[in-house]
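# Report on the structure
The residues making up each chain are set out below.
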Amino acid sequence: MANGQWYPPEWPDRIRALSSGELTPATPRRAATVMLLRDSVTGPAVHMLRRRASMAFAGGAYAYPGGGVDPRDDDHLVRWAGPSRATWAARLGVDEPGAQAIVCAAVRETYEEAGVLLAGPTPSTVVGDTTGEDWEADREALVARAFSFAEFLDRRDLILRSDLLAAWARWITPEFEPKRYDTFFFVAALPEGQRTRNASTEADRTVWIAPGEATAGYDKGDLLMMPPTIATLRQLTPYGSAADALAAAPDLTPVLAQARLEEGELVLTWPGHEEFTKHIPTRGSA
């Protein structure tokens, strides 16, 4: 292949079913993912996970820590530092409870999958070390959804540091996918004193990599990625530091793939991202 673009093999048949009206789109579930950044002498690097090859979906693909929103985090008011919930709601285009839950998901997933916790005992501090046995027990309980992230913050008497995050992009899983997500992408700087680790059961490798290096690897076909991942990496390349990226305010218009029948082909496009356009024969496999 010319690049590292990954498409599920069942997409052509599902696109045909959607086009013919045989497929009813699933309702997207809210999700959050975080591009965790740290500075180096050559500019910012981003923390990425490689999904295990055994994973049914996007096996071997590079991605960021992320996952679904826990609806329990909508209603339980958490202690909060940084921009208000109203400010976040306006930025994300959701209501205030939803904004809290989405930000909670971003912070929770970064902790669950990378061991980095964007929370602290005061509005201007973060936890220094989360590697002890008691911390690990709580992290595993979060992964198992034994309690919500809001409850975890209460148990630990911690304040969520929403000021350490910035909203970056919003992508919605195509209508022909059986599992769909309305995913908010965030950027965050690695807090001083904390370290990443591969805490995810779904990843076999983690790397810190410059966005330009990652996109070059994708372009050569060496690094496998899905469209939202490579698109957001390309958006990161102009920034000289993590602080510069956090200060940016990219457009959050949702990106949703579209499929249409054109001259005997199914054409799959992502508006604003022409590089991902795919032409699928109406008969046979892609």
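Higher on the page you've got the structure.
These numbers come from a predicted model, not from an experiment. (Residues numbered from 1 in each chain as written. Predicted model: local features only at pLDDT ≥ 70, side-chain atom pairs only at ≥ 80, totals over all residues. Heavy atoms only, no water.)

Here the focus is the overall build of the chain. Within the chain, the regular secondary structure consists of nine helices and 14 strands. The C-alpha radius of gyration computed for the chain amounts to 19 Å, which stays within 12% of the reference 19 Å derived for 286 residues, consistent with globular compactness. Here the C-alpha coordinates of the chain stretch approximately 60 × 40 × 35 Å along the principal axes. Looking at the chain as a whole, 51% of its 286 residues qualify as buried. (Helix = DSSP H or I, 4+ residues; strand = E, 2+ residues; numbered from the N terminus. Rg over C-alpha atoms; globule rule 2.2 N^0.38 Å. Buried < 20%, exposed > 50% of the residue type's maximum accessible area, 1.4 Å probe, protein only.)

With that settled, the discussion passes to the sheet that holds strand β14 (residues 278–281). Spatially, β12-β13-β14 is the arrangement adopted by the three strands of the open sheet, whose pairing is antiparallel. Two strands in the sheet have a free side with no partner beyond their single neighbour: β12 (258–262) and β14. Recorded for the sheet is a direction-independent mean angle of 25° between the axes of neighbouring strands. For strand β13 (residues 265–269) and β14, the ladder comprises four bridges, and the chain directions are antiparallel. (Pairing = 2+ DSSP bridges. Axes fitted to C-alpha atoms, helices over the stretch in contact; angles between N-to-C directions.)

Below, the discussion takes up the environment of threonine 42. Assignment of secondary structure puts threonine 42 in the loop between β1 (29–40) and β2 (43–51). Assessed through its relative accessible area of 74%, threonine 42 is described here as exposed. Taking the C-alpha atoms as reference, threonine 42 lies 27 Å from aspartate 204; in sequence the two are 162 residues apart.

Further remarks concern the packing of aromatic side chains. Enumeration according to the criterion identifies nine aromatic pairs in this entry. One aromatic cluster is present, built from ring pairs that chain together Tyr111, Trp135, Phe149 and Phe152. In this structure, arginine 156 packs its charged tip against the face of tryptophan 135, placed 3.8 Å from the ring centre. (Phe/Tyr/Trp six-rings, centres within 6.5 Å; stacked < 30°, edge-to-face > 60°. Lys NZ or Arg CZ within 6 Å of the ring centre and 35° of its normal.)

Here the focus is the nonpolar core. Within the largest apolar cluster, 40 residues are counted, with the highest numbers of intra-cluster contacts made by Trp88, Leu92, Leu117, Phe149, Phe152, Leu165 and Phe186. Within the residue set of this core, elements represented by two or more residues are β1, α3 (85–92), α4 (96–114), α5 (133–143), α6 (149–156), β8 (165–172) and β9 (181–189). When residues of this core are assigned to their parent elements, the largest contribution, nine residues, is made by α4. Ignoring sequence-local partners within four residues, the contact set of phenylalanine 152 consists of Tyr111, Leu117, Trp135, Asp138, Leu142, Phe147 and Leu158. (Core = buried A, V, L, I, M, F, W, Y, C linked by side-chain atoms within 4.5 Å. Contact = heavy atoms within 4.5 Å.)

Our focus in this paragraph is the side chain of threonine 232. Positionally, threonine 232 belongs in helix α8 (residues 227–236). We classify threonine 232 as buried; its relative accessible area is 0%. A polar contact is formed between the side chain of threonine 232 and the side chain of tyrosine 64, at a distance of 2.9 Å. (Polar contact = N/O pair within 3.5 Å; in protein donor to acceptor, adjacent residues only side chain to side chain.)

Turning to the pairing of β1, a few remarks are in order. As defined by bridge partners, β1 adjoins β9 across nine bridges and the pair is classed as parallel. Looking across to β9, one finds that arginine 29 is bridged to tyrosine 181. Pairing analysis gives three bridges linking β1 to strand β4 (residues 66–68), with the strands arranged antiparallel. Bridge pairing links alanine 31 to glycine 68 in β4. Where β1 lies against β2, four bridges are found, and the strand directions are antiparallel. Bridging across to β2, serine 40 finds its partner in glycine 43. Hairpin geometry of β1 and β2 is characterised by an intervening segment of two residues between the two adjacent antiparallel strands.

To continue, consider the environment of alanine 137. Residue position: alanine 137 is located in helix α5. Its relative accessible area of 43% is what places alanine 137 among the partly exposed residues. For alanine 137 and threonine 269, which are 132 residues apart along the polypeptide, the C-alpha to C-alpha distance reads 43 Å.

Here we take up the packing of α3 against α4. Running from N to C, α3 and α4 point in directions that differ by 85°, and their axes come no closer than 8 Å. Classified by the angle their axes make, α3 and α4 are roughly perpendicular. Contacts between α3 and α4 involve Arg85, Ala86, Trp88, Ala89 and Leu92 on the former and, on the latter, Glu96, Ala99, Gln100, Ile102 and Val103. Its residues placed into classes, the contact of α3 with α4 shows seven nonpolar, one polar and two charged. (Parallel < 35°, antiparallel > 145°, perpendicular 65-115°, else oblique. Nonpolar A, V, L, I, M, F, W, Y, C, P; charged D, E, K, R; others polar.)

Strands sit in the order β5-β7-β6 across an open sheet of three strands; the sheet is mixed. Two strands close off the open sheet at either side, each with one partner strand: β5 (80–81) and β6 (119–120).

Another aspect to go through is the pattern of salt bridges. A pair can form between side chains of opposite charge whenever their charged atoms are brought close. Applying the stated criterion across every chain, the model contains 17 salt bridges. Among the salt bridges present, the one from glutamate 109 reaches arginine 145, with a minimum N-O distance of 3.3 Å. Taken together, the residues span a long stretch of sequence, with glutamate 109 in helix α4 and arginine 145 in the loop between α5 and α6 at a distance of 36 residues. A single salt-bridge network, built from bridges that share partners, covers Arg108, Glu109, Glu112 and Arg145. (Salt bridge = Lys/Arg side-chain N within 4 Å of Asp/Glu carboxyl O.)

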